[in-house]
Structures are given as structure tokens and as C-alpha cells.
Amino acid sequence: MPFRFELWWSDALVWLLVAAAIGLAVYARLHPHLRAPWARVARSASGMAAATVLVVFVAAGLLDSVHYRKALPVQDGKVAYSTEVRSVLDLVLESLRATREKTYSAPLATHLYAKETVQLADGREVRTFPRLRHGGAHLKDPQADRGRDIALKAFHGLAVGLLLWLMAVIGICAAVARGADAGIENVWHDAWAGRTAVQWRAVFCALGLLCVLIAPVAALAPYYHVLGTDKVGQDVLYQALKSIRTGLVIGTLATLVMLPFALVLGLMAGYFKGWIDDAIQYLYTTLSSIPGVLLIAAAVLMMQVYIENHQELFPTTEVRADIRLLALCVILGVTSWTGLCRLLRGEALKLREMEYIQAAHAFGVSHWRIMMRHITPNVMHIVMIALVMDFSGLVLAEAVLSYVGVGVDPSMISFGTMINSARLEMAREPMVWWSLAAAFLFMLTLVLAANLFADAVRDAFDPRLIVGGARP
């Protein structure tokens, strides 16, 4: 085979999570009481627009979760594989990954950002801005041709993006018309008028905005460094796209680690009360009183010492970075469950006094069966809301922890490591601003989309909110 797949622990957990999400979606579709809240999410314009943006981020993260090693030329009849581990996203972004410059270059530049001593053909040495190896290398006269070339390529990419958007809109309308047994013209008019059960108009607008932004960048990327390069000459756009997977893995896996602690302990404290409630309250009050950054830093440093003392268990740098990423997810989850636990305890205190709970007691139903069959389903709207809203907080937490040096492994690209490396670049003269701006822009888009989607989920799942004049 020309390649060999490499399955990291984080990859396995990501794809297991994808399979679980598909299974839950199928299960919810078959049960009306679960399908109804998600139908209300689909009727939210902001929620569907945010979901469209999140789908693009998730697609990039999934492409970066399929790793492989390339096969080397066969020698002596033996097949060997490269020591470098790549992902499918690296294959898609090969033009960005391979075009490394010497050092800093500004966005869409054709020369380095700082002057260097260059020896001319006649032997003289002058201080000038050297040409880039890849950025604008196809131009014979960069000063005269650069502006026109960028405009033409961006316009060509914009035209292709609008064409792809139109094809996607027509394809969605055709699929909806086939499922509803209606004419595509009627679906087209109803979608743009906002009369469909799903807010397709918001999806179309968000998709159009993404095409308008992504297509020109994709057209320019093979010829220019659209977001510039960093200190070692690596493309900043490539770094930003590679950081998406790290943010998604931490946001999702840390949330799932947090869920069992919060759900079990919160329901036990509210249902049993007494000394169990006192013990659990003492536990999460003590944990909340410890500064979170110090607790996480201590746990990360302990994990780092263990990895260094047992290097035989972690043969490569990539494996060590992946294990440290998973350890960070576990640490963030273990230290972040106290808030949700408090909410679930209060809700369980209220539910245990309801008539149907008292009737279950009278019929001799066991405590654990009451908690599983009667209390847990009635707190799932709180769990769903908390999970979606905590995602963005955990993405930001990774950036802060990596900035202070206790986050992911320095060899792993993330928003936090980009911000940490840009910290010193902001103080130099001339100032290098594009690394920080790229990390800020991508992280802002991801967190904003997650927050808007969380608002839609909250409005749909919270039974105390009134939607459209009636309880959901």
C-alpha cells in the first residue's frame, strides 16, 4: 500500500463520538418527544446559521483526524514507511504545508518582512527585502503585477465560490422537494420566504457568506501566503486550520469527561440528601475553592513528568503530544464539573418531591430505578444546555492554558500556541500582527458560532421558556 493508517487515541475517541452522535440522531428521529426540541432548533435562524458554520469547522477537524504514513521506496524487497505522520487535511493543504519561507512575511507579500544583507551578481552587498521562495514567485515584476494578479485570482475564486453556492442551494432544494413530494420551484420560494420547517434561508445565507470568504482564499493560497508566515516561515493560514482539530477535541472530549461526574454526583446529592448531600457539597465546594489554573497546571506537570520518565511507552513525538492532549481533556473535565453538579442538585431536590416520585416510592420502586427512569430524563434539558454552552468555554480555556505554557504540547499546533508564539512578535519592530490576528479570527468565529447554537438549543430544550407564545 502507498500508505499506512495511524490510529491515535484522540482519533479513535473522535470517531467514536461521531458514531455516537449519528446513533443519537437516529434514535431522536424515531421518538417524537426527542425530535420536537431539535425541530425547534431547526426553526431558529441564528441556530441554523451557526450550525452551518460549525459544520465547516467540524469537517476540517475530521479531516485532520485521519492520520497515515507514506510508503518509502522499496529496498531489498522490504516495505518501509515514513516517520512523519500526516493527516488528510495535510494532504488537502499540501500547497500550504510545503511552501515554507525563511522567516516572517506579511499577508499576500512577495518579499520578506525584514531587510537582510543580499549579495548582488556583481559581488556588492546591499540591505534589501529578499524575494520569497513561494509567495508571488510566479510574478516577473512583483511591484507592477502583484495588485492586478491578486485581484484577478480573487475574482476568479469568488466566481467559482458563487457558482458552488448556487449549485449547493439548488441541490438542497431538490432534496427537500423530493422528500416533501413538492415542486422544486415551490420549495425555492418557500425557503427564501422563510416558510419551511427548517430555516433554509439562514443556511443559504451562511453558506453563501462562507463561499464568498473561502473561495477567494482558496484561489490565492497556492500562489501567496494569504495570512503571512511566522518566525520559521510556516504559513499562518495552515497553522490556523490545523488548530481547529485541537480546539474541537478539547471542547468535546473534556465536556464528555465532565458529564458523568456532574450527572451522577448532582443527582445523588439532590435525591438522597442527608450525609450524601453534605459529602458531595463539601467535595465540589473544596474543588471550587482551589484556583483552577493552578490545579490544572499541577496535573499537567505531573502528567508531563510521567511521560518523560516512561518514554518507552510513548515512542514518537506525535504520540506524546496526543497523550498530553488527552490528559488535558481529562484534567479539564475533572476540574469543570462543579457548576453543572450544582444545577442538577437543585433540580433533583425539586423533582424528588413531585407526586409521581412519591407514587414510585409507594409502589416500592428502587432508588436507582427512580433516578434513572424518572429524574434523569427530566434534567436532560439542563445537561444538553450546559454541554453546548461549556464547549466554547473549554476552547477558550485551552488557549489560555497554552498561552501560559501548561496546555497542549508545544509541538502541537493550537490557537493557544499560536497566541503564545505571537506574544513576542507583537513587541518587535516592525510589529508582526498577523499570527495573533489569525488565531483571534478563527477562535472568535468558532466560539461565536458555538454560543449562537447554544442559545438556540437552550431556547428549544428549556421547558420554562416560552417559544412562539406556547411552551415548547
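Refer to the structure above for everything that follows.
Residues numbered from 1 in each chain as written. Predicted model: local features only at pLDDT ≥ 70, side-chain atom pairs only at ≥ 80, totals over all residues. Heavy atoms only, no water.

**Student:** Would you mind showing me how to read the sheet that holds strand 3 (residues 86-87) here?
**Tutor:** One key point about sheets: their strands pair by backbone hydrogen bonds, in either a parallel or an antiparallel sense. Read across the open sheet, the 3 strands follow the order 1-2-3; overall the sheet is antiparallel. Both outer strands of the open sheet, strand 1 (3-6) and strand 3, are each paired with one neighbouring strand and no more. Relative to strand 3, strand 2 (residues 67-70) runs antiparallel, the two being bridged by 2 bridges. By the bridge assignment, His 67 is partnered in strand 3 with Ser 87. (Pairing = 2+ DSSP bridges. Helix = DSSP H or I, 4+ residues; strand = E, 2+ residues; numbered from the N terminus.)

**Student:** Hey, could you run me through the packing of helix 14 (residues 355-362) against helix 15 (residues 367-403) in this one?
**Tutor:** Pairs of packed helices are described in terms of their axes, by the angle between the two and the distance that separates them. Where helix 14 contacts helix 15, the axes come no closer than 11 Å and their chain directions differ by 165°. Looking at the two axes, helix 14 sits roughly antiparallel to helix 15. For the element pair helix 14 and helix 15, the recorded crossing hand is right-handed. Residues Tyr 356, Ile 357, Ala 360 and His 361 of helix 14 pack against His 367, Ile 370, His 374, Ile 375 and Asn 378 of helix 15. Here the contact of helix 14 with helix 15 is composed, by residue class, of 5 nonpolar, 4 polar and no charged. (Axes fitted to C-alpha atoms, helices over the stretch in contact; angles between N-to-C directions. Parallel < 35°, antiparallel > 145°, perpendicular 65-115°, else oblique. Left-handed = near helix turned anticlockwise from the far one by under 90°. Contact = heavy atoms within 4.5 Å. Nonpolar A, V, L, I, M, F, W, Y, C, P; charged D, E, K, R; others polar.)

**Student:** I'm lost on helix 2 (residues 32-42) in this one. Help?
**Tutor:** An α-helical turn contains 3.6 residues, so a residue and the one three or four places further along point in the same direction. Here helix 2 has its buried residues at Pro 37, Arg 40, Val 41 and Ala 42. Elements that come into contact with the buried residues of helix 2 comprise helix 3 (45-63) and helix 17 (434-461). (Buried < 20%, exposed > 50% of the residue type's maximum accessible area, 1.4 Å probe, protein only.)

**Student:** What is the right way to read the pairing of strand 4 (residues 116-119) from this model?
**Tutor:** Regular strands show a simple pattern: their side chains alternate between the two faces of the sheet. The pairing of strand 4 with strand 5 (residues 125-128) spans 4 bridges and is antiparallel. Looking at the pairing, Gln 119 lines up with Glu 125 of strand 5. Count of turn residues in the strand 4/strand 5 antiparallel hairpin: 5 residues, of which Gly 123 carries a positive phi of about 95°.

**Student:** Just checking my understanding: could you explain the pattern of salt bridges for this structure?
**Tutor:** Side chains carrying opposite charge are able to pair once their charged atoms draw close together. This model, assessed by the stated rule, comprises 16 salt bridges. Residue Glu 6 is joined to Arg 4 by a salt bridge in which the shortest nitrogen-to-oxygen separation is 3.2 Å. The exposure class of Arg 4 is partly exposed, given its relative accessible area of 39%. For Arg 345, the salt bridge goes to Asp 277, with nearest N and O atoms at 2.7 Å. With Arg 345 in helix 13 (residues 338-351) and Asp 277 in helix 10 (residues 274-289), the pair connects residues that are 68 residues apart, well separated along the chain. One exposure class covers both Arg 345 and Asp 277, and it is buried. When salt bridges that share partners are traced, they join Glu 84, Arg 86, Glu 94 and Arg 97 into one network. (Salt bridge = Lys/Arg side-chain N within 4 Å of Asp/Glu carboxyl O.)

**Student:** Would you mind showing me how to read the side chain of Arg 69 here?
**Tutor:** Take Arg 69: it is sitting in strand 2. Taking relative accessible area as the criterion, Arg 69 reaches 12% and is therefore assigned buried. At 2.9 Å, the side chain of Arg 69 and the side chain of Glu 6 are in polar contact. Excluding residues that lie within four positions of it along the chain, Arg 69 makes contacts with Pro 2, Phe 3, Arg 4, Glu 6, Tyr 81, Ser 82, Thr 83, Glu 84, Val 85 and Thr 316. (Polar contact = N/O pair within 3.5 Å; in protein donor to acceptor, adjacent residues only side chain to side chain.)

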